[in-house]
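Structural overview
Read off the chains here:
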Number of protein chains: 2
Amino acid sequence: MKTVIALDAMGGDNAPKAVVEGAVLAVEKMDVAIKLVGNKDVIAPLLAATTKSPHLSILHAPEVIGTDEIPTTAIRHKKQSSIMIGLKTVKEGFAAGFVSAGNTGALLAAATVVVGRQPGIERPALGVLLPNRKPSGEPGATLLIDCGANMDCKPLYLAQFAKLGADYLTKVRGLKNPTVGLINVGVEREKGNTLAKEAYELLETADVNFIGNVEALEIPAGAVDVAVCDAFVGNVVLKYTEGFAKNFMYMLKDELTADVRSKIGALISKKAFGRMRQRFNQDEVGGAPFLGLKHLVVKAHGNSNAVAICNAIRQCVLFEQAEQG
Amino acid sequence: MKTVIALDAMGGDNAPKAVVEGAVLAVEKMDVAIKLVGNKDVIAPLLAATTKSPHLSILHAPEVIGTDEIPTTAIRHKKQSSIMIGLKTVKEGFAAGFVSAGNTGALLAAATVVVGRQPGIERPALGVLLPNRKPSGEPGATLLIDCGANMDCKPLYLAQFAKLGADYLTKVRGLKNPTVGLINVGVEREKGNTLAKEAYELLETADVNFIGNVEALEIPAGAVDVAVCDAFVGNVVLKYTEGFAKNFMYMLKDELTADVRSKIGALISKKAFGRMRQRFNQDEVGGAPFLGLKHLVVKAHGNSNAVAICNAIRQCVLFEQAEQG
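Residues numbered from 1 in each chain as written. Chains lettered and ligands numbered in written order. Predicted model: local features only at pLDDT ≥ 70, side-chain atom pairs only at ≥ 80, totals over all residues. Heavy atoms only, no water.

**Some points on the overall build of chain A**
Each helix and strand counted, chain A has twelve helices and eleven strands in total. Considering chain A as a whole, with its 325 residues, one finds that 56% of them fall into the buried category. When the accessible surface of chain A is split by element, carbon and sulfur atoms take 53% of a total near 13,600 Å². For chain A, the distance from the average site of its 36 positive side-chain charges to the average site of its 33 negative ones is 6 Å. (Helix = DSSP H or I, 4+ residues; strand = E, 2+ residues; numbered from the N terminus. Buried < 20%, exposed > 50% of the residue type's maximum accessible area, 1.4 Å probe, protein only. Areas by Shrake-Rupley, 256 points an atom, 1.4 Å probe, with all protein chains shown as cover. Lys, Arg positive; Asp, Glu negative; His and termini not counted. Charge placed at Lys NZ, Arg CZ, Asp CG, Glu CD.)

So this is what it looks like as structure tokens:
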């Protein structure tokens, strides 16, 4: 039987067009059926123009939660929004997961209310895979958690993020006993702010393979499989990665075009630069799971294109397969 | 008259050798006289072996504060340490500034006690210049403050960091009305953790050119001249920059050597890669000033080599010239 995924057709900067296109891509590539949640009057014509696939259906949701709406207010007043209806579908068992590129805060708040937290979990968190490169040269990824859900954290939340992240890597990516590090300003245990110091103590006795503090310096070198922090730090690191990688490529372009010889060399090496861009192409990752919920909810980047949406759906499918298998 | 700088000869991973060599470089290149603060029995032979310059002298300090010592305890018990004696020299007016690659926390604690804070300033902060590239292609730098001093901050501290940072850029680097941004997870004013939200309000009425929240994404693109945050976030960003830039170059090397054509192109473009490395060569920056103190104290990177020490001294000289001019 096909995995059924609910997709927020109205969320994100490029919705609904890019989202619908992403869904079309997904049903072409994967063994999946998609419920496009949103305003049927807007989605139906888009869908009719692109595909006749029987694996795409529309679930009408007349309201939309905007990016700048206050999460708690939005979810209270917009019960008929694509986010609320999409999550309800998952909760009721009509879909295995929900993907949205919409308002992160609203998605989290709604997911917590509608889908609910796993027993014992205080706060669900957003886990994002950052590309890394081990000193051996082997490319890999570090799960950075929390990247966007909990701005002000208690130490216990961080210890739980560690467990959620490690379990995710074990289950979905097949890692054995993944290492967990606490992002900190030094490796010594007495380093850091109050939150880090207290979280360190909890992590020492947590049911994870805790290897201590990890300096941000070591994250790109793949020093740990799971890097734990509050969502303020995590979101800064995540967005900084994006901005830095982009700007680094611009700088490199400046230098490679600053003299004729280098310019010629760069033209010859063109393929290598293409592969480099691919390593940091966030469309390939597509989305980040909210971990700690009773069902799967994946947040896609606000500016997702069709490829990113398709890959966020792939994350759901892989997760569902791991759950079943 | 030569600017006199006190230099912690015993601080840093490569002390005293690299520090003494850095001092020798500095007196060769700049109009400066240097007091090497540390154990004379160790420094004198090193000095005798390298130079006869009359602009280098030794100020004996028999004790050393180690990297892993607890700052407050260390400064209470080691009054005869190079950090304490060096700072005292500055306070008493025998040197215009103090440079140390030693224990950051101890340096800050000692500087606050010995040199003292500027009137009205709650907490001195460490400001570091990160290389950026404006969308126009113009290379520049963003002052990231605080990068290492205050792990747990009150909103008022952040507002003061903004002012200290802006004043520094105006005075030392000649920027007119530098822009200030608050590092945050979104541009909207209601975004962020409690600290960021409260700091935003104070920054709106502060005597700086505050342009609002800045996402980490925009920092490498030079969106602001001064980027304000607590030292936990700042230190993570600073160290992440270092690790990411290094690892990015490794990744690029992997890709450039993965096929023969790219390999040849890379050889031809060699000069461009050299210039790229130079952009992120922290030895060129050398050190970061603690802002908000009554006198100048510059923290050099723990693993400073001679060039980095020399450039940290240059920062002091420039600062002193700006003070005088």
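**Remarks on the sheet that holds strand β5 (residues 125–133) of chain A**
With respect to topology, eleven strands assemble into an open sheet ordered β3-β2-β1-β4-β11-β10-β5-β6-β9-β7-β8 (chain A), the strand pairing being mixed. Each end of this open sheet is capped by a strand with a single partner; those strands are β3 (56–60) and β8 (209–215) of chain A. Neighbouring strand axes in the sheet, compared pairwise and without regard to direction, differ in orientation by 30 degrees on average. In the sheet, strand β4 (residues 97–100) of chain A pairs with strand β11 (residues 296–300) of chain A via four bridges, with the strands oriented parallel. Bridging from a neighbouring strand, S100(A) pairs with K299(A) of β11(A). Running over the sheet, helix α4 (residues 82–91) of chain A touches β1 (3–8), β2 (32–38), β3, β4 and β11 of chain A and is turned about 160 degrees from β4(A). Helix α8 (residues 231–256) of chain B rests against β5, β7 (179–184) and β8 of chain A of the sheet, and its axis sits at about 40 degrees to β5(A). (Pairing = 2+ DSSP bridges. Axes fitted to C-alpha atoms, helices over the stretch in contact; angles between N-to-C directions. Contact = heavy atoms within 4.5 Å.)

**Quick word on the packing of helix α6 (residues 155–173) of chain B against helix α7 (residues 194–205) of chain B**
All names here are of chain B. With their axes 8 Å apart at the nearest point, α6 and α7 run at an angle of 50 degrees to one another. The orientation of α6 relative to α7 falls into the category oblique. Relative to α7, α6 is oriented so that their crossing is right-handed. Contact residues: α6 offers P155, L156, L158, A159 and A162, while α7 offers L195, E198, A199, L202 and L203. Across the contact of α6 with α7, the residue classes tally to nine nonpolar, no polar and one charged. (Parallel < 35°, antiparallel > 145°, perpendicular 65-115°, else oblique. Left-handed = near helix turned anticlockwise from the far one by under 90°. Nonpolar A, V, L, I, M, F, W, Y, C, P; charged D, E, K, R; others polar.)

**Concerning the relation of the copies chain A and chain B**
Once chain A has been moved 0.0 Å along the axis and rotated by 180 degrees, it coincides with chain B to within an RMSD of 0.0 Å. Between the two chains, the operation in question is that of a two-fold axis. Minimal C-alpha distance to the rotation axis in chain A is attained by G265(A), lying at 1.9 Å. Comparing contact sets, 100% of the residues at the interface of chain A also lie at the interface in chain B, consistent with an isologous, same-surface contact. (Least-squares fit on C-alpha atoms with pLDDT ≥ 70 in both.)

**Comments concerning the confidence of the model for chain A**
Taken residue by residue, chain A gives an average pLDDT of 93. The fraction at 70 or more is 100%. The complex prediction reports pTM at 0.90, with the ipTM value standing at 0.89. (pLDDT = per-residue confidence, 0-100.)

**Observations concerning the environment of D13(A)**
Residues and elements named next belong to chain A. Structurally, D13 is set in the loop between β1 and α1 (17–29). With a relative accessible area of 55%, D13 lands in the exposed category. When the C-alpha positions of D13 and G302 are compared, they lie 5.8 Å apart, and in sequence the two are 289 residues distant. If we skip the residues at most four places from it in the chain, D13 touches G302 and N303.

**So, the state of the cysteines**
Tallying each qualifying case throughout the model produces zero disulfides over all chains. The cysteine C147(A) is free of any disulfide, with C229(A) supplying the nearest cysteine sulfur at 6.2 Å. Unpaired in terms of disulfides, C316(B) finds its nearest cysteine sulfur in C310(B), a separation of 11 Å. (Disulfide = S-S within 2.5 Å.)

**Thoughts on the interface of chain A and chain B**
Between chain A and chain B, the contact holds 60 residues from the first and 60 residues from the second. Of the roughly 5,700 Å² buried between chain A and chain B on both sides combined, carbon and sulfur atoms contribute 67%. A salt bridge links K239(B) to E215(A); the nearest nitrogen and oxygen atoms lie 2.5 Å apart. Our count for the contact surface shared by chain A and chain B stands at 24 residue pairs in polar contact (both at pLDDT 80 or more). For the side of chain A that touches chain B, the element with the most residues is helix α8 (residues 231–256) of chain A, which contributes 22 residues. Here the side of chain A that touches chain B is composed, by residue class, of 32 nonpolar, 14 polar and 14 charged. (Buried area = accessible area lost by both parts, 1.4 Å probe. Salt bridge = Lys/Arg side-chain N within 4 Å of Asp/Glu carboxyl O. Polar contact = N/O pair within 3.5 Å; in protein donor to acceptor, adjacent residues only side chain to side chain.)

**Some words on the sheet that holds strand β7 (residues 179–184) of chain B**
Residues and elements named next belong to chain B. The sheet built from eleven strands is open, its strands ordered β3-β2-β1-β4-β11-β10-β5-β6-β9-β7-β8 with mixed pairing. Taken across any chain shown, the strands that pair with only one partner, and hence form the sheet edges, are β3 (56–60) and β8 (209–215). Pairwise comparison of adjacent strand axes, ignoring direction, gives a mean angle of 30 degrees for this sheet. For strand β10 (residues 287–291) and strand β11 (residues 296–300), the ladder comprises four bridges, and the chain directions are antiparallel. The residue of β11 that forms the bridge with P289 is V298.

**Section: unusual backbone geometry**
Residue D146(A) is reached from I145(A) by a cis peptide bond, and omega for that bond is 10 degrees. Topologically, D146(A) is positioned in the loop between β6 (139–145) and α6 (155–173). For the bond from A15(B) to P16(B), the omega torsion is 0 degrees, close enough to zero to count as cis. Among the secondary structure elements, P16(B) is positioned in the loop between β1 (3–8) and α1 (17–29). Not every positive phi belongs to a glycine, and N177(B) is a case in point at roughly 50 degrees. Summarising the element assignment, N177(B) is placed in the loop between α6 and β7.

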